[in-house]
Structure formats: structure tokens, C-alpha cells
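Spelled out from the first residue to the last, the chains are:
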Amino acid sequence: MKFDKIIKGGTVVTAEGSALMDVAINGEKIAALGENLAGNCEAGQVIDATGHLVIPGVIDVHVHLDLPFCGTVSSDDYSSGTRAGARGGVTTLIDFAIPYKKKDSNDYETLSEAADNWHKRAEGKAIIDYTFHICITQFDQHKDQIKGMVDRGFTTFKEFMIYESEGWQSDDRAMFATLEKMKEYGSMLLVHAESSRVLDELIARHHTPEQMKKLGAQLHGITRPNYIESEAIQRAVTWCEITGGQLYIVHMSTAEGTDIIRAAQDRGVPVIAETCAQYLVLDDSVFEREDGHLYACCPQLKKPADQERLWKGLNDGEVSVISTDTCSFNREQKGMWNGDWTKIPMGMPGLETLLPVSYTHGVLEGRLTPELLVRKLSTDPARIMGMYPRKGAIQVGSDADIAIIHPTKRIKVDHATMETNTDWSPFQGWELAGFSRTTLSRGDVIVDDYKVVGKAGRGKWIPRKKAGLAG
Ligand code: URP
Ligand code: ZN
Ligand code: ZN
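Bear in mind the structure is a predicted one, so any value in this text is a computation, not a measurement.

Trainee: Whenever I open this one, the coordination of the zinc ion (ligand 2) confuses me. Can you help?
Mentor: Ideal donor angles around a metal are set by the shape: a four-donor tetrahedron calls for 109.5 degrees, a six-donor octahedron for 90 or 180 degrees. Bound to the zinc ion (ligand 2) on the protein side are H192 (ND1) and H251 (NE2), at distances that span 2.0 to 2.1 Å. What the four donor atoms of the zinc ion (ligand 2) show is an angle range of 55 to 149° at the metal, which sorts the shape as irregular. The two metals, the zinc ion (ligand 2) and the zinc ion (ligand 3), are separated by 3.7 Å. Residue H192 is located in strand β14 (residues 188-192), and its partner H251 is located in the loop between β15 (246-249) and α11 (255-266); the two are separated by 59 residues in the primary sequence. H251 matches H192 in its accessibility class, with the two residues each being buried.

Below, the structure is given as C-alpha cells:
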């Protein structure tokens, strides 16, 4: 037998189990798995993975690249963002295509125009594969365009319960009626769940020069108590339960939210939840730092007790996915706040550190098995987002999307040497294992010896047919 490439001598870790075996690749696909393939076969290239873990490429299902937001544009685009992902073992990402208000008009872009605009952002730049969730920002205008997007290969939609000033906010009517459509089309609605009207009231109460001077970025946490998220999750779950439409709660950060998801799933409600790496390892004490505003994101970082509940949820099953909500801003952009927390560009970088953070703090600290980590970073994201088994698996016929990581070798995080386009990192100075020594995307080596070697523009859009529990 002849193969283009063989990954030799590594421990292949999948969601189902781990075993020493070789992986053979022909073209873009995995062609064979077995013991000592390298010894029995002819291969164009042998990649030595001795002493390493060979895992399916990570799928980051929550990414914002080149996003106009909070009066600026997020600093990672499809060039730096996908290079950062590759270095962190990410081989597929899902961004959010958002329809904006057209210039000099009261009209908003159609869902199709939003998707076209995001395609343009990616083309010629992406080095890993990608697709988009389609954001419904104007329900009355967009509702009849949803089916057309499903037919175009986009099966996941998104509504935000906040961000009125961005023109992105959806109300209960939109969520309810969109969930009905999700049931009809076999597609899935992602929801950013925060209770906007109570949040407005809490912000108004604290938005005084005296409090801003005294508390600075801590007001971001003070104005978003846990019930801001949990009330909104409960409401979205109610509409999900009534309509039967597939719901996916993004970036869940609270223990209370996790309890609501658990109870709903126990009743058979079709709701899935994601958390992000930052909610598992960072807490709101960062807002006390002089540069605490850098860490502002929505929802904000919570307490250690919330972290513990989220880790438990990953183990018990109510938290299905770890993603990043990558939305990078550099120090100058974050500096736009000038002491007013409501003006901070919201979001953090994450693509490059998703696997290292969750591997080091999950697997090496005994919170997750390696197999469960692979399930939460790759296999279940692929299933839920309608890409399995093309993505998320090391099996014959799947895309040869693979990350090879050393089980213990740690690298110190330093924004200055990273691919991520920010002049700070939420994990600066942390010693993390799990950076990808070798990343393969559809059979191409795109990271070699921890350095990105993939060519700009080689990443492809991945069409989908289904999503959700049926995915
Ligand atoms: O702070 C965040 N999360 N920025 C990105 C937009 C969003 O809410 O996901
Ligand atoms: Zn969000
Ligand atoms: Zn987001």
C-alpha cells in the first residue's frame, strides 16, 4: 500500500478512547488507521509523533474575526486569527455573519448579503476551514430569508438578547418565532442570553462619575450579577420547551445557568450549552487590576464557584462544548473606555490558547480525561454544528484535520511571540502545555515544529446540512 503521509508512533486520542497507532493520509482524507503502518507501507512523508498525542483538529465554534463592534473593528482578521488557531491546533472555526444597517438608508443587509460579506473577509486569508452562524438582527425583515440560508448550507442562526445600540438585539417574539422555524428546518438557534432591560437599569444606577472613579472596570461585574444571565437562559429555555426548536446557549458563564440547562435537559428540552475557556480559568478579580478593563467581555468573568460548576457540567454532560468567543482588541482599542466601563470594546483573544488552556487546566489538573477534552473541543462541536464525521473524528474517510501535541511540554504565553494580533494576552506568562507541534488541515501540514507554515487562502468554507442534536 502507498500513502501520501503517515503519522507514526503517536497515541491517537478520540472521544471514544486512546491507542498507540499510525494514521495514514491520502490527499485530504484519513485513509487508514493501524499498528505499524509506517513499517508495512510506502509513504511520501512520515511524521514522527512518538511520545505525542494525536487528536482530531479542534473546532472553535464561537469566533468573531474582523468584527465591527463597540465603535471599532476587532483586531484579529482571517489572516492573524486563523494562523493563531492553527498554532493552537484549531482546524475549523465558525464565525458569525452579521447583517449591518446599510449606509445612508434605514434598510439592513439581508442574511445572504451578510454571509457574502463574511466570505469576502475569509477569502485569500484563511489558512484553516471555516463557516458562519447567520445572525438574525431584524426579525421582520429576516424571517423569510432563513430557509434560503439553510438551503445555502448554513444551518445555525444566532440572536442576541443584548446589544440594542449595535442594532443587533432580538426580543422574545423573535426568539419564539425563530425557534419554531428551527424545528421546521432541522436547524439550530444560538442565543446570547443576558437580560437586557434589568441590565440597563443596573447600568443606569451605577453610571455616575463618583462610582466610575471609585470602581472603574469592577462596575462591569457589579452591573451583571449572575441573574442577568440565568434569567435570560431560563426565558430562552422556556421558548425552546414550548416550540420544540433546537436551542444552543453560547458562552454560558454561571452556575445558575448550568443548573437550568441540566434541569431542562432532564425534562427532554432540546437545549445545548457551550462555555468558553476563559470562564473556566479566569474570575472577576481581574477587574480589580489596573488593566482590568482589558478583560471585559459579555458576559463578564464570574466567580470560582461558577468555574467549578462549569467544569462539573462538562463532566456530567450539560455543558457540551468549550469555545473561545474570540473577539480581540488591542490596548489602544480597549483604552477607548477612558474610565467608563460601558465604552470598553467587549471581548478577548482566545483561538491560540483554547487547546493549551483547556488541556493544561482540564487534563493535566485532573478535571477532564483526554478523551472527554477531545469530545468537548472537537467531536461534539462537529456533531452539534452538522460537520460530523467529516470533521471532529480520526476515522477512515474523515478530513485529515489533526493536531499533534506533547503531553507535558509547557510553553510560556507571551503575546509578543504569538500569532494573535493583540499587544496583551489574558494568559500572559502562564506556562501551558498543549500548543500544537504539528497541525494538519485536510492533509496539509500547516504548523510544523510549533511554527505556522500554512498558506494564506487555503482554508475552505464548509457547507452543512443539519445542526443540533440531530446533527
Ligand atoms: O464580549 C464579547 N463576547 N464580544 C463578542 C460579542 C459577543 O457577545 O459574543
Ligand atoms: Zn455574545
Ligand atoms: Zn460572541
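Trainee: Sorry if this is basic, but what is going on with empty space enclosed by the protein here?
Mentor: To find the voids left in a structure, one rolls a probe of water-molecule size over its atoms. According to the stated counting rule, one finds five cavities of 30 Å³ or more in the structure shown. Quantified by volume, the largest cavity comes out at close to 100 Å³.

Trainee: Whenever I open this one, the coordination of the zinc ion (ligand 3) confuses me. Can you help?
Mentor: Taken together, the protein donors to the zinc ion (ligand 3) comprise H62 (NE2), H64 (NE2) and D325 (OD), at separations of 2.0 to 2.2 Å. Its four donor atoms give the zinc ion (ligand 3) angles of 85 to 136° at the centre, a pattern that matches the irregular case. Sequence positions of the donors to the zinc ion (ligand 3) reduce to the motif H-x1-H-x260-D. The class for H64 is buried, based on a relative accessible area of 6%.

Trainee: I would appreciate a short explanation of the sheet that holds strand β21 (residues 436-441) in the present structure.
Mentor: Either a parallel or an antiparallel arrangement is found when strands of a sheet pair, and the pairing is made through backbone hydrogen bonds. Judged by pairing direction, the sheet is mixed, and its seven strands sit side by side in the order β3-β2-β7-β18-β21-β22-β23 without closing on themselves. Strand pairing shows two members of the sheet lacking a second neighbour, β3 (18-20) and β23 (451-452), which therefore form its edges. Here strand β7 (residues 53-56) runs beside strand β18 (residues 402-405); their pairing, made up of four bridges, is antiparallel. Bridging from a neighbouring strand, P56 pairs with I402 of β18.

Trainee: I would appreciate a short explanation of the pattern of salt bridges in the present structure.
Mentor: Pairing between side chains becomes possible if they bear opposite charge and their charged atoms approach one another. Under the counting rule described, the total for this entry stands at 37 salt bridges. As a salt-bridge pair, E28 and R442 come within 3.1 Å of each other at their nearest N and O atoms. Of this pair, E28 sits in the loop between β4 (22-26) and β5 (29-34) while R442 sits in the loop between β21 and β22 (444-448); the two residues are 414 residues apart in sequence, bridging distant segments of the chain. Owing to a relative accessible area of 4%, R442 belongs among the buried residues under this scheme. Between D399 and R390 there is a salt bridge; the shortest N-O distance is 2.8 Å. Given the relative accessible area of 1%, D399 is considered buried. For R390, a relative accessible area of 29% corresponds to the partly exposed category. Linked by salt bridges that have partners in common, E28, K29, D129, R390, K391, D399, D401, R442 and K460 make up one network.

Trainee: Any chance you could explain the sheet that holds strand β6 (residues 42-48) here in plain terms?
Mentor: An order of β5-β4-β1-β6 is seen for the four strands of this open sheet, with the pairing classed as mixed. A single partner strand is all that each edge strand has here, and the edge strands are β5 and β6. This sheet shows a mean twist of 25° between the axes of neighbouring strands, independent of strand direction. Pairing between strand β1 (residues 2-8) and β6: six bridges, direction parallel. In the strand pairing of β6, K8 is matched with D48.

Trainee: Would you explain the domain arrangement of the protein chain in this entry?
Mentor: Quite often, the size of an interface is put as the accessible area lost when its parts meet. Taken as a whole, the protein chain is organised into domain 1 (2-55 + 393-452) and domain 2 (57-384). The centre of domain 1, based on its C-alpha atoms, is set 28 Å off from the matching centre of domain 2. If you look at the interface, domain 1 gives 41 residues, while domain 2 gives 41 residues. Taken over both partners, the interface formed by domain 1 and domain 2 buries close to 3,600 Å², and the fraction arising from carbon and sulfur atoms is 61%. Viewed at the interface, domain 2 and domain 1 are joined by three salt bridges. E16 is the salt-bridge partner of R383, the closest N and O atoms lying 3.9 Å from each other. Elements supplying a minimum of two residues to the side of domain 1 that touches domain 2: β7, β18, β19 (410-412), β20 (431-433), β21 and β22. Of the residues forming the side of domain 1 that touches domain 2, the biggest block, four residues, is contributed by β21.

The rules we used
Each chain carries its own residue numbering, running from 1 in the written order of its sequence. Lettering for chains starts from A, numbering for ligands starts from 1, and both go in the order in which the items are written. Only residues with pLDDT of at least 70 are given local features in this predicted model, and only at 80 or more are side-chain atom pairs given and counted; all residues enter the totals for whole chains, interfaces and linings. With hydrogens and water set aside, each side-chain value is computed from the structure's full complement of heavy atoms. For Na, K and Ca the donor cut-off is 3.2 Å, while for other metals it is 2.8 Å, and in both cases only N, O and S atoms qualify; water is not among them, so sites may look incomplete. Site shape is set this way: if four donors have all angles between 85 and 135 degrees, tetrahedral; if opposite donors are over 155 degrees apart and all others between 65 and 115, square planar for four donors and octahedral for six; otherwise irregular. Labels follow the DSSP assignment, with helices taken as runs of H or I lasting at least four residues and strands as runs of E lasting at least two, numbered in each case from the N terminus. Each residue is assigned to one of three classes by its accessible area relative to the maximum for its type, calculated with a 1.4 Å probe on protein chains only: buried under 20%, partly exposed between the two thresholds, exposed over 50%. A cavity here means a set of points on a 1 Å grid, drawn over the protein atoms and nothing else, where a 1.4 Å probe fits but cannot get out; a pocket is an open set with protein on both sides within 12 Å along at least five of seven lines, and a residue lines either one if it has an atom within 4 Å of a point. Grid points are joined across faces, edges and corners, and a volume is the space filled by probe spheres set on the points. Here a strand pair is declared whenever DSSP counts at least two bridges between the two strands. Put simply, a salt bridge is a Lys or Arg side-chain nitrogen that is within 4 Å of an Asp or Glu carboxyl oxygen. With axes taken as lines fitted to C-alpha atoms, and helix axes fitted only over the stretch in contact, angles between N-to-C directions fall between 0 and 180 degrees. Throughout the structure description, domain borders are defined by an automatic or database domain assignment. The contact criterion used throughout is that any non-hydrogen atoms of two residues lie within 4.5 Å. Note on terms: buried area is the combined drop in 1.4 Å-probe accessible area of two parts once they are placed together, counting the loss on both.

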